Amino acid sequence: MTVIAPRRRRAAASPSEPKPRGGFRYRKAIAIFVLPFGLLFTAFYLVPIIYALFQSLLKIQRQGTFGAPTEVFGGLSQYVLVFQDTEFWSSIFRVLLFGVVQVPVMLGMALLFALLLDSPLLRGKRFFRLAFFAPYAVPGVIAAIMWGYLYSPRLSPFTFVTGNVDLLGGSGILWSIANVVTWVYVGYNMLIIYSSLLAIPTEIYEAARLDGASQWRIAVSIKIPLVVPALILTAVFSVIGTLQLLTEPLVFRQFTSTISSTFTPNMLVYSTSSVPNFNLAAAFSVVLAVATFILSIGFLRLTQRKADQ
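On a predicted model such as this, the values are computed, not experimentally measured, just so you know. (Residues numbered from 1 in each chain as written. Predicted model: local features only at pLDDT ≥ 70, side-chain atom pairs only at ≥ 80, totals over all residues. Heavy atoms only, no water.)

Novice: Run through the overall build of the chain, naming residues and quoting values.
Specialist: When its secondary structure is counted, the chain shows 13 helices and two strands. When the 309 residues of the chain are sorted by exposure, 33% land in the buried category. Considering only residue pairs separated by 6 or more positions, the chain has 65% of its internal contacts joining residues 24 or more positions apart. Per element, the accessible surface of the chain, about 20400 Å² overall, is 67% carbon and sulfur. (Helix = DSSP H or I, 4+ residues; strand = E, 2+ residues; numbered from the N terminus. Buried < 20%, exposed > 50% of the residue type's maximum accessible area, 1.4 Å probe, protein only. Contact = heavy atoms within 4.5 Å. Areas by Shrake-Rupley, 256 points an atom, 1.4 Å probe, with all protein chains shown as cover.)

Structure below.
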């Protein structure tokens, strides 16, 4: 009589035992895709920041009156000069005033244009979308030159305006620059807000229309609250851009003597490095970068706190 032994069953895998999923292969693939960005980010972002910090800690020292200049470690001496420089802080307050007025106007216009493009009542959306965005395709230098000629009393075709309003004078030059910046960047910010509007599910609009809501009510009560994150994003970009204002005032210096070499913080850094005083210019740059970071983070925290409330 032959006895057949029962087959042994495989031991069931323990629930706590990890199953191999090719994690190493996935991590390797992620590293391959991230590596080019990491190299470029390090080369063009981290290295310049570290170099600027290093330069800001040095100072020029001479042996005697006519001795050869040598760079020596100066500690925080350059930063002491930065905080004692009244021109630098005047330029900071000037661009802050610029941003307090220009940024809300620009974002308000961008929101209005985005709502118009998203409205079912508007005809010719392709034309208006291109018309609103077209100024952003114009380089900043070209836009500043074009508006500089329009502002000039002797060159502008609108002499009835430029002859009575001094657009290049001391009281109006800041807002003339604000007009140029607004004209260029409204379309860019509008596109971000409009993309956010397109991501809203259409079922929400259909339910609101069934409840009898008008297009105005839908825009105020549904669309605007849902695009607040896009508005915050564009506001942060605008704050950073305001503190980096350089192209427009630098071009406008060719049309008016009102703009000095210290009109904006970036112009002050540029003129300081041209002396040349690279160490002090690096200290200006570091302080400006820290101020931009603090303002951006502070604005984000403030808006998030209001959103949570």
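Still more ground to cover, so stick around.
Novice: Explain the pattern of salt bridges to me, and be specific about the residues and the numbers.
Specialist: Counted according to the given criterion, the structure contains one salt bridge. Here K223 makes a salt bridge to D118, at a shortest N to O gap of 2.9 Å. Linking K223 in helix α9 (residues 215-226) with D118 in helix α3 (residues 86-118), this pair joins segments that are 105 residues apart in sequence. For K223, a relative accessible area of 4% translates into the label buried. (Salt bridge = Lys/Arg side-chain N within 4 Å of Asp/Glu carboxyl O.)

Novice: Any chance you could break down helix α10 (residues 228-243) for me, citing the residues and the numbers?
Specialist: If you check α10, its first and last C-alpha atoms are 23 Å apart, about what 16 residues at 1.5 Å a residue would give, namely 22 Å. Among the residues making up α10, those that are buried are A230, L231, I232, T234, A235, V236, S238, T242 and L243. (Expected span 1.5 Å × (residues − 1).)

Novice: Can you break down the environment of V186 residue by residue, with the values?
Specialist: By the element assignment, V186 lies in helix α7 (residues 173-198). With a relative accessible area of 6%, V186 lands in the buried category. For V186 and F133, which are 53 residues apart along the polypeptide, the C-alpha to C-alpha distance reads 7.6 Å. Discounting residues that sit within four places of it in the chain, V186 has contacts with M106, M109, A110 and F113.

Novice: An account of unusual backbone geometry is requested, with residue identities and associated values reported.
Specialist: The step from V275 to P276 runs through a cis peptide bond, and the omega angle for that step is 5 degrees. Looking at the element boundaries, P276 is found in the loop between α12 (265-273) and α13 (278-308).

Novice: With reference to specific residues and values, describe the layout of surface pockets.
Specialist: Taken as a whole, the largest pocket encloses approximately 580 Å³ of empty space. Around the largest pocket sit 20 residues that line it, and Y45, I49, S285, A289 and V290 are the ones nearest its centre. Of all elements in the fold, only α1 (23-56), α10 and α13 reach the threshold of two or more residues within the lining of the largest pocket. The element best represented in the lining of the largest pocket is α13, accounting for ten residues. Split by residue class, the lining of the largest pocket holds 15 nonpolar, five polar and no charged. Approximately 360 Å³ is the volume attributed to the second largest pocket. (1 Å grid on protein atoms, 1.4 Å probe; cavity = no way out; pocket = protein on both sides within 12 Å on 5 of 7 lines; lining within 4 Å. Points joined across faces, edges and corners; volume = space filled by probe spheres on them. Nonpolar A, V, L, I, M, F, W, Y, C, P; charged D, E, K, R; others polar.)

Novice: Mind laying out the nonpolar core, listing which residues take part and the relevant values?
Specialist: Counting 24 residues, the largest nonpolar core has L111, A114, M190, I193, L197 and V227 as its most contacted members. For this core, the secondary-structure elements that each account for two or more residues are α3, α7, α8 (202-210), α9 and α10. In terms of residue count, the dominant contributor to this core is α3 (nine residues). For L197, the contacting residues outside a window of four places in its chain are A114, L115, D118, Y205, K223 and V227. (Core = buried A, V, L, I, M, F, W, Y, C linked by side-chain atoms within 4.5 Å.)

Novice: Requested: an account of the packing of α3 against α10, with residues and values cited.
Specialist: Contact pair α3 / α10: the axes reach a minimum separation of 10 Å and the direction vectors enclose 145 degrees. When you trace α3 past α10, the crossing you get is right-handed. Side by side, α3 and α10 meet where V95, L96, F98, G99, Q102, V103, M106, L107 and L111 of the first sit next to L231, T234, A235, S238, T242 and L243 of the second. Class assignment of the residues belonging to the contact of α3 with α10 gives a composition of ten nonpolar, five polar and no charged. (Axes fitted to C-alpha atoms, helices over the stretch in contact; angles between N-to-C directions. Left-handed = near helix turned anticlockwise from the far one by under 90°.)

Novice: For the packing of aromatic side chains, give the residues involved together with the corresponding values.
Specialist: Counted under the stated rule, the structure contains 17 aromatic pairs. Between F128 and F132 the ring centres are 6.1 Å apart and the planes differ by 35 degrees, which places this aromatic pair in the tilted class. With F128 and F132 both in helix α4 (residues 125-133) and four residues apart, this pair spans about one turn of that helix. Assessed through its relative accessible area of 30%, F128 is described here as partly exposed. Relative to F252, the ring of Y151 lies with its centre 5.8 Å away and its plane at 80 degrees, an arrangement referred to as edge-to-face. (Phe/Tyr/Trp six-rings, centres within 6.5 Å; stacked < 30°, edge-to-face > 60°.)

So yeah, pure geometry; function would need other evidence.
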